[in-house]
Amino acid sequence: MATSSSTQPQSRFHIVIDIGKTNKKVLVFDSGLHVISSVSRAFPEVQRQYTPCNGGGAPAPVDIVCEDVEAVMPWLQERLREAGALCRSASATSHGVGFTVAVTTHGATFAAVGKDVLLPFPVLSYTQQMSEEQNNEFYNLCGTAEVLHATTATPPYGSLLNMAKGMFLAQKIFRDKWEGVKYLIPYSSFFGYWLTGVAACDKTAVGCHTYLWDYQKDCWSSVTKSLGIAHLLPQVKTSVEKLGTLQPSIARLTGLPEDTVVMMGVHDSNASLVPYFSSLGGTNFAVNSSGTWGVIMKPSKSVEFASCDIGELILYNMSVFGKPVRTISFPAGMEFSAVSQAFKTKFDGAADIDFSVPLSGKELSLYQSLIDSNSFLLPGVTGTGIHFWHCKPGFVLEHTTPIFGSSGSSQETIEWPSIPGGTDIVSCMALLRLSVAVQTYEALIRSGVVTTGGSKSANTAVFVEGGFKNDLIYCSLLAALLPHNAVSTSAAPEATALGSALLAHAATATATPEEATQSLCGGGRSPASIDLRSHMQFTTIQPAALTGLPNYGQRMLFWASQRRV
């Protein structure tokens, strides 16, 4: 049952604090979840020197990379004050104004909250490096990377992208400050603590490649005991829950009323999925978030790893409802950028291709010819490779054609950075787009969207967002590789902030977290539901009129397996 309207203010505004790695934003949403204000500022990470007190000798200073939290908080105070004034002005004719603050942040970051001070030591950036010796010490103490991957759904990352490694390193660097630590909380929960004084852990953050959460038992992992930090971790809550209300001191500083509701907080990637849950009214979808890294996210019922998944960049995130989201990363944009730049250098200029329109005419015939001749460009040019491909980059030409000249042989392999003779940049760029589409296709197979072999499908809807959604050639190739799936592009300006505002709206329009969850997944059947048609733009992609593309994709995967590094 929704909260009685007699107890609700006539106007409620949702203020979203969106903490990106560099850019910080404060957005104000009205009761219809339309953005009425957005302010941002860059706060890059900062480098500092810290001299630990070891208790023996003169310790050497340590270079550390930190989040500039001390500069961010005063800026947020002023933005909250401005937001409150704006909302009161916008609702001058209303009989009451209510406020909710929702926080979303990047992951892989934690804050130590002190017993006597807010921050006894700086917030480490996840770009901070660990030495090989420290890395080995962590795994010797906490368990092998393979075992931890299987139990915590967390692959090994570099730097401090595994949050538990950050806590391990902080114990070493700030050992003289450790006794003053009261809580260890994720970054997405820290700002809520600052506002309310209530300590809790956002489940989306602790469940995102941290090594801290046991997905098999749905509780804190053995790593928390190995590090001796279990007693410093407050209770875990889902992102649909309210954390508390403003502390009187914060209310005075910001001008917001003390009854302002503050949400639990949410990891940014999982916040961006909320508009999909709410728009689609279900979980049978996958999001292909494209950019420098392509990230496939698919809500799942359980956590399952094949033996070949262990050690790869295949993990599970935690949705705002506390359910697993299978997640696979691969450097799609990085690969595309590096290879296309090499082609421009080789051919002294860019290809004259309009990728904003579907394939037709001569271009369509070119792609069909490449498919028919089984001509492939295998990934790995950036050196990072495609994590589960591990193949040598280069061209494989099963049947030479006039496109790539004729050597009289039935098969030719050309190692990168060499490029087949007799070709041009248009043909090479066509092979590159085919390659990136097949890489995405393989990631979707590994995510469970398509069964191995591509002969069957779960009929899962696939949404392409980010940079590649504007490349209709790529999108139409992907749609042709997925004949049993509806493929669409999606666009939601400020999707992460919108997801956070949706959580705030649902939590304040319903009486319990369970009702809030139902309203977010009810497909418009709840009093708390918002019509998102004006917020989310979905465009159905028509498959490219090409034959044999799924078989082409399988053949490319075969050649990758034959050319493993």
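Before going into details, it helps to say that this report is about the structure given with it. Values in this document were obtained by computation on a predicted structure and should not be read as measured data.

Here we come to the packing of helix α13 (residues 425-447) against helix α14 (residues 472-481). The contact between α13 and α14 brings their axes to 9 Å, and the two run at 45°. Classified by the angle between their axes, α13 and α14 sit oblique to one another. In this structure, α13 crosses over α14, and the sense of that crossing is right-handed. Counted together, R433, L434, V436, A437, V438, T440, Y441 and L444 of α13 and I473, Y474, L477, L478 and L481 of α14 form the full contact between these two elements. A breakdown of the residues in the contact of α13 with α14 according to their chemical character gives eleven nonpolar, one polar and one charged.

Glancing now at the packing of helix α1 (residues 69-90) against helix α5 (residues 187-196). Put simply, α1 and α5 touch, their axes get as near as 12 Å, and they point 55° apart. With respect to α5, the element α1 is oriented oblique. Our pair here, α1 against α5, has a crossing hand that is right-handed. Here V69, V72, M73, L76, Q77 and L80 of α1 lie close against α5, whose contacting residues are Y187, F190, F191, W194 and L195. Here the residues of the contact of α1 with α5 are counted per class, giving ten nonpolar, one polar and no charged.

Here we come to the sheet that holds strand β22 (residues 412-415). With respect to topology, three strands assemble into an open sheet ordered β20-β21-β22, the strand pairing being antiparallel. Sheet topology places β20 (375-378) and β22 at the edges, where each strand pairs with a single neighbour. On average, adjacent strands in this sheet sit at an angle of 15° to one another, irrespective of strand direction. The pairing of β20 with strand β21 (residues 394-397) spans four bridges and is antiparallel. Residue pairing across strands places F376 opposite V396, the latter belonging to β21.

The rules behind these values
- Residues numbered from 1 in each chain as written.
- Predicted model: local features only at pLDDT ≥ 70, side-chain atom pairs only at ≥ 80, totals over all residues.
- Heavy atoms only, no water.
- Axes fitted to C-alpha atoms, helices over the stretch in contact; angles between N-to-C directions.
- Helix = DSSP H or I, 4+ residues; strand = E, 2+ residues; numbered from the N terminus.
- Parallel < 35°, antiparallel > 145°, perpendicular 65-115°, else oblique.
- Left-handed = near helix turned anticlockwise from the far one by under 90°.
- Contact = heavy atoms within 4.5 Å.
- Nonpolar A, V, L, I, M, F, W, Y, C, P; charged D, E, K, R; others polar.
- Pairing = 2+ DSSP bridges.

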